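# Commentary on secondary and tertiary structure
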Amino acid sequence: MGFFVQLTDAIAARQSLLVTGLDPNPEMLQAWAHRRGMGGRSFLSQARHWIKAVVEATADHVCAYKPSLGFYQALGPVGLELLREVRELVPLDIPLIIDTKHGDLNSSSALAHYLFRELGADGVTLSPLAGQDIAAPFLLYPDKAVVITCHSSNAAARVLQHHPDESDPLYLRIVRECQLWATPDQLLLEVGTSDPAILARVRQEAPERFLILRSLWGEEDRLDALLEAGLSPAADGLLMPLPQNLLVEDDIAVRAAALKQRISERRDRWLEGRAPDQGETCSLWLPERRPDGSAGTGAGAGADGEGSGDPMASLILDLFDIGCLLFGDYVQASGAVFNYYVDLRQIISDPNLFHRVLHAYAGQLGELVFDRIAGIPYGSLPTATGLSLQLHKPLLYPRKEVKAHGARRLIEGDFEEGDRVVVVDDILITGTSVLEGIAKLESSGLEVEDVVVFIDHGGRADTSARQRLTRAGYRCHAVLDIARITAVLHAAGRLSDDQAATLGHGPPARTPGVEGILASS
C-alpha cells in the first residue's frame, strides 16, 4: 500500500484531519510525570509512559503521527531505541512521518534507508534548500512520502522566506519548484504559519497537494480562517496539528475527539456555504458521516451507494458511471456472445479511478509470494505496469505472437529461470488467454502459482474458468465477481430489475450477430 492510500484511508476511517507530534520534550514531560507520581523516575521511563499514553488516547482521532527525530537523537542510543518503540506503538494503518527537516546531501541515502527500511517509517520531512537532489534518495522508495517544509512560523525566518518582496516571495517559489519533484501521491507540503493569508497563497500555488499545517491557532475564529484558507476544493487536503499542550492533559482522548468534531462541523458548514460551481467533494477521502457519527463507505444502497456495507461499492459505482459496463450484443475473445460487456480500458484515462483499481488489485497481491508480475496482453498491460510501479516488482509479459524479426522473444522483460511470477489479468471468462499466457511463461523456465484478476465472470461451479485454473494447478484470486457487481448496482438503482436478471443469469447461448460486436482483448 502506498503512502497516499494509507493516509486517505486513515482520514476516512477516523473522520479526522488531525496529525499529532510525539515529542518527548523534557520541560513538557516534567509536569506531566509529577502529576502522575512519576517525578522520581528517569526521563526515559517518563517518556516511554507518555508516548504510550498519547498513542492510546489519540489513535482513534488522528490520521497521522509526526515525531521529531531530534528529541530522540538527543537521548543517544536509547533514544533511537525509544523511536523503535514508537514504531511498534503506532498502528500500522496510520502513517508515521519522521520530522527531521533533513537537508544534508551526503547522508541522505543512509538516512532514507534507516527511516524507511530499518525503522519502517512512512514519510519524512525535508528542507528544500538543496533542491531536488535532497529529495531524490527518499523518492526512490515509491511507497513512502516526503514532506517539504516550504514555510516556517519562526519570526526570524521571515527576512529569508519573504525575500525579495511579497509579490513573489521565496517560500512560494519553493512551493512551485518542489511540485516538479514528485506527484501528489508522494510529495506533501508543510506550512508553518498561523496567518491564513500565507496558507491561502500556498494552497493557490498547490491546489492538489496535501498541506500539513505546523503552527497552532490561538482563537476559534483563527481555526475557521485557517480551514477556509487551506482546505482543497474537495474540503480535504489539509492536516491540522493537535495542540502540543493538549498532550499533557489528563483527558487527551476527550479533547482530541472534541477538536476533531469542531473541525468536522466547520468543514461541513464551509461545504454548505460554497457556490454550486466551486467543484464537487471527493467522497474517497472523507465519506459522509452517518447519524451515529460513524464513517460511511461512500457507496451502497442509495444513489451514491450509502448503506450497502460493501467496501468496494463506491469503486463499482464509479466504474459503471464511466462506461465500464455496457449492455448489448458483444462477442468475447472466446467467441461466446454476451448481452453485456465489461470494458476496463476506460480506467486508464481517469488517474484517480485507476489508482483505486490498482489499490484493489494490490489488496489481493499483498499475501502472495512472487518475484515478478506478468500481464496478459493486451487489456491488462496498463494494470500490470501500474502494479509493477506501485509494488516495486519487475514487469514482464508473454507476447501474443512472436515476431519474425528482431529478437523474436516469447517473453518481454528481464528474468531468470526459476523466478516466481504472479499473472495479472482484467476479467476471467473462460481462462483460455490466461492459460495460454502461463504456458508461454512456464516454457521459458518461469514458475506460476497464482493468477489475480479484477473481475471473475463466474459461471457453473463445475465449468467456470476458476475451476479450470484450479484443475490446472493454479490458484485464482479475484477482486470482484459479477454477482457482487450486480448486487451493488441494482441496490443503487443503476440497474433495472431486467438488467440485474440479465447479469445474474449469465450470457445467452447463441450465435453472434454482425451488429453491436465489440471483441474483447
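Shown above is the structure to which this text applies.
Below, the structure is looked at part by part. (Residues numbered from 1 in each chain as written. Predicted model: local features only at pLDDT ≥ 70, side-chain atom pairs only at ≥ 80, totals over all residues. Heavy atoms only, no water.)

### Some details on the nonpolar core
Of all hydrophobic cores here, the largest spans 92 residues; its most connected members are W50, Y65, L189 and V202. Residue contacts for W50: discarding those within four places in its chain leaves L22, D23, P24, M28, L29, W32, L247 and V248. In terms of nonpolar packing, the next biggest core, distinct from the first, is built from 42 residues, L368, I373, I429 and V479 among them. (Core = buried A, V, L, I, M, F, W, Y, C linked by side-chain atoms within 4.5 Å. Buried < 20%, exposed > 50% of the residue type's maximum accessible area, 1.4 Å probe, protein only. Contact = heavy atoms within 4.5 Å.)

### With respect to the environment of Y72
Topologically, Y72 is positioned in helix α4 (residues 69–73). Accessibility expressed as a relative area gives 0% for Y72, which makes it buried. The sequence separation of Y72 and P24 amounts to 48 residues, and the corresponding C-alpha distance is 7.8 Å. Setting aside its immediate chain neighbours within four residues, Y72 contacts L22, P24, I51, P67, G79, L80, L82, L83 and V86. (Helix = DSSP H or I, 4+ residues; strand = E, 2+ residues; numbered from the N terminus.)

### Details of the pattern of salt bridges
By the definition in use, this model includes 30 salt bridges. When salt bridges that share partners are traced, they join K66, D99, K101, E190 and R214 into one network. (Salt bridge = Lys/Arg side-chain N within 4 Å of Asp/Glu carboxyl O.)

### Thoughts on the sheet that holds strand β6 (residues 187–191)
Whether parallel or antiparallel, the strands of a sheet pair through hydrogen bonds between backbone atoms. The strand order across the open sheet formed by eight strands is β2-β1-β8-β7-β6-β5-β4-β3, and the pairing between neighbours is parallel. Of all the strands in the sheet, just β2 (64–65) and β3 (97–102) have a single pairing partner and so form its edges. Sheet topology places strand β4 (residues 123–126) next to strand β5 (residues 145–151); four bridges connect them, and they run parallel. Paired with G123 across the two strands is A145, which belongs to β5. Set on the sheet, helix α9 (residues 170–178) makes contact with β5 and β6; between it and β5 the angle comes to about 160°. (Pairing = 2+ DSSP bridges. Axes fitted to C-alpha atoms, helices over the stretch in contact; angles between N-to-C directions.)

### Here we look at the pairing of strand β16 (residues 420–428)
Burial analysis of β16 places eight of its nine residues in the buried class, the great majority of the element. After leaving β16, the chain enters helix α16 (residues 432–443) and then returns to the sheet as strand β17 (residues 447–456), a path that is right-handed. (Right-handed = clockwise from strand over helix to strand, strands pointing away.)

### Section: the sheet that holds strand β18 (residues 475–481)
Strand order in this open sheet of six strands is β15-β14-β13-β16-β17-β18, and the pairing throughout is mixed. Each edge of the open sheet carries a strand with a single partner, namely β15 (411–412) and β18. Note that β17 and β18 share six bridges and pair parallel. Looking at β18, one finds that D456 is bridged to D481.

### Digging into helix α3 (residues 43–58)
The end-to-end C-alpha separation of α3 is 22 Å, in line with the 22 Å expected for 16 residues at 1.5 Å each. Buried within α3 are the following residues: S45, Q46, A47, W50, I51, V54, V55, A57 and T58. (Expected span 1.5 Å × (residues − 1).)

### Some points on unusual backbone geometry
The omega angle of the peptide bond from H163 to P164 is 0°, so this bond is cis rather than trans. With respect to the helices and strands, P164 occurs in the loop between α8 (158–161) and α9. Unusually for a residue other than glycine, Q15 sits at a positive phi of about 50°. Following the sequence through the fold, Q15 ends up in the loop between α1 (3–14) and β1 (18–20). Note on Q15: relative accessible area 7%, which makes it buried. Non-glycine residue K101 carries a positive phi angle of around 55°. As for its position among the elements, K101 is in strand β3.

### A word on the pairing of β4
The side-chain alternation of β4 yields two buried faces, one formed by G123 and T125 and the other by V124 and L126. Here three bridges tie β3 to β4, and the two strands are oriented parallel to one another. The partner of H102 across the bridge, within β4, is L126. Taking the sense of rotation as the criterion, the β-α-β connection linking β3, helix α6 (residues 108–119) and β4 turns out right-handed.

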